[in-house]
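Fold and contact review
Take a look at the letters that make up each chain.
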Amino acid sequence: MSAPRLEINLQKLHHNARTLVKRLAGQGIAVTGVSKATLGMFEIVHTWLGAGVGSIGESRIETIEALVRSGITVPLLLVRSPMLSQVDRVVASASISCNTDLGVLNALAAAAKQQGRRHGVLLMVELGDLREGILPADLESVAQQILAMANLQLMGIGTNLGCQNGIAPDAQNMGDLSRLTTALEQRFHLTLPWCSGGNSANLPWLAAGGDPARINHLRLGEALLLGREPLHRTAIPGLHTDAISLVAEVIEATHKPSQPWGERGRTSFEGSPSAPRREGSSQRVQRALLALGEQDVDPAGLIPPRGTVIRGASSDHLVVESPGQLLAVGDEQRYQLSYSALLRAMTSPFVDRCLVDGSSIAPSARCR
Ligand SMILES: *Cc1c(COP(=O)(O)O)cnc(C)c1O
């Protein structure tokens, strides 16, 4: 079996999706599964749909087009505002897109008219995290203009917190979203299908008893894939955090001094984990090199197996110390992943993706 490889346990992913879909349905909340960290991997999307996820969210039109080609028929939501240069493709393949710009909305309307389609719009509202969204003060006027565009359907409003500045969903901002929804409905005498409260960062707030009020939709990626919420990276009760793991191979295993010697300058990857300086310590430690680096994964997002400490990473090497365990060349080690590590590994041409079920690895034919 080749390394590095992502091992993807579809049973565990099914369990995560089923558990969250059921839990949230109890609060009147529907789930869009956001598959962007997996590049819309078909087997995962298919598993989610089987577990009751009703629609799929993706950030790239290329992936949405691939999902359409693969025969997925549920609504596909483009979770990033369309590029002006891609509106034709967006209308042709995505049923709904998140939007924040009137120029883009006008172009979407024109493209939809030309293609004889109706395109759904989830209008994103800025509630403090300072990524996408129109300001609440502009909501009524923008909504009015969308409602005047014959080939667009206003599906509702949404917000996205957590991703840019780590702003947490709370009673204030979530209450604002509900109140804005109700105000729009009253102003324009209509019913909006979606009040889209956010992403995986909303789950701790809901679990702590937050009142969803009008919120009836969430867009979930990390929680479904990794069983964690993004704000504090804590595990969500009842979910698997190891449904996807990364296996890498040892290419050097030896005892070396714990401290580097010689004059010290900068390193090639400043952001990577690196050894803290322990002056005067010349102790020899069991160290290993793994064939895994920045070209494969975000090393800062790797969670090592028990007894292993990550000491550094560069483009192709991961340096670890494993005091409690004698590693040998050819050994494999299994790491858990943060969202950024998963995204990079899925995107790397050097990392295989293997489907495994239960605890036994399926035939290597299931890697690609
Ligand atoms: C990526 C993304 C999501 C999913 O976020 P998770 O934290 O993975 O749940 C939801 N909404 C938007 C707009 C996104 O870009």
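Residues numbered from 1 in each chain as written. Predicted model: local features only at pLDDT ≥ 70, side-chain atom pairs only at ≥ 80, totals over all residues. Heavy atoms only, no water.

**Details of the layout of surface pockets**
For the largest pocket, the calculated volume is near 790 Å³. Along its surface, the largest pocket is lined by 32 residues, and Lys-36, Arg-131, Asn-160, Cys-163 and Tyr-339 are the ones closest to its centre. Put simply, the parts of the chain that give the lining of the largest pocket at least two residues each are β5 (96–99), β9 (217–220) and α10 (339–347). Broken down by element, the residue count for the lining of the largest pocket peaks at three residues, all from α10. Tallied by class, residues from the lining of the largest pocket come to twelve nonpolar, twelve polar and eight charged. Three or more residues apiece are contributed to the lining of the largest pocket by two domains, here domain 1 (10–226) and domain 2 (244–356). (1 Å grid on protein atoms, 1.4 Å probe; cavity = no way out; pocket = protein on both sides within 12 Å on 5 of 7 lines; lining within 4 Å. Points joined across faces, edges and corners; volume = space filled by probe spheres on them. Helix = DSSP H or I, 4+ residues; strand = E, 2+ residues; numbered from the N terminus. Nonpolar A, V, L, I, M, F, W, Y, C, P; charged D, E, K, R; others polar. Domains from an automatic or database assignment.)

**A word on helix α5 (residues 102–115)**
In this model α5 runs 20 Å from its N-terminal to its C-terminal C-alpha over 14 residues, within 8% of the 20 Å that 1.5 Å per residue would give. Within α5, burial applies to Val-104, Leu-105, Leu-108, Ala-109, Ala-111 and Ala-112. Taken down its axis, α5 places every buried residue within 165 degrees of arc, on the same side. Across α5 from its buried face, at more than 90 degrees, point the exposed residues Lys-113 and Gln-114. Along its buried surface, α5 packs onto α4 (87–93), β5, β6 (119–124), α6 (139–147) and β7 (152–158). Here α5 starts with a cap whose side-chain oxygen sits 2.8 Å from the backbone nitrogen of Gly-103, and that cap is Asp-101. After α5 finishes, the residue Gly-116 shows a positive phi value of roughly 65 degrees. (Expected span 1.5 Å × (residues − 1). Buried < 20%, exposed > 50% of the residue type's maximum accessible area, 1.4 Å probe, protein only. Arc of directions from axis to C-beta. Contact = heavy atoms within 4.5 Å. Polar contact = N/O pair within 3.5 Å; in protein donor to acceptor, adjacent residues only side chain to side chain.)

**Section: the domain arrangement of the protein**
Domain annotation for the protein reports domain 1 (10–226) and domain 2 (244–356). Here the C-alpha centroids of domain 1 and domain 2 sit 37 Å apart. At the interface, twelve residues of domain 1 touch eleven residues of domain 2. Note on domain 1 versus domain 2: buried area summed over both sides is about 1,100 Å², and carbon and sulfur give 74% of it. If you sort the residues of domain 1 by the area they bury against domain 2, Ala-37, Met-41 and Leu-226 come out on top, with a joint share of 45%. On the surface where domain 1 and domain 2 come into contact, there are zero salt bridges. (Buried area = accessible area lost by both parts, 1.4 Å probe. Salt bridge = Lys/Arg side-chain N within 4 Å of Asp/Glu carboxyl O.)

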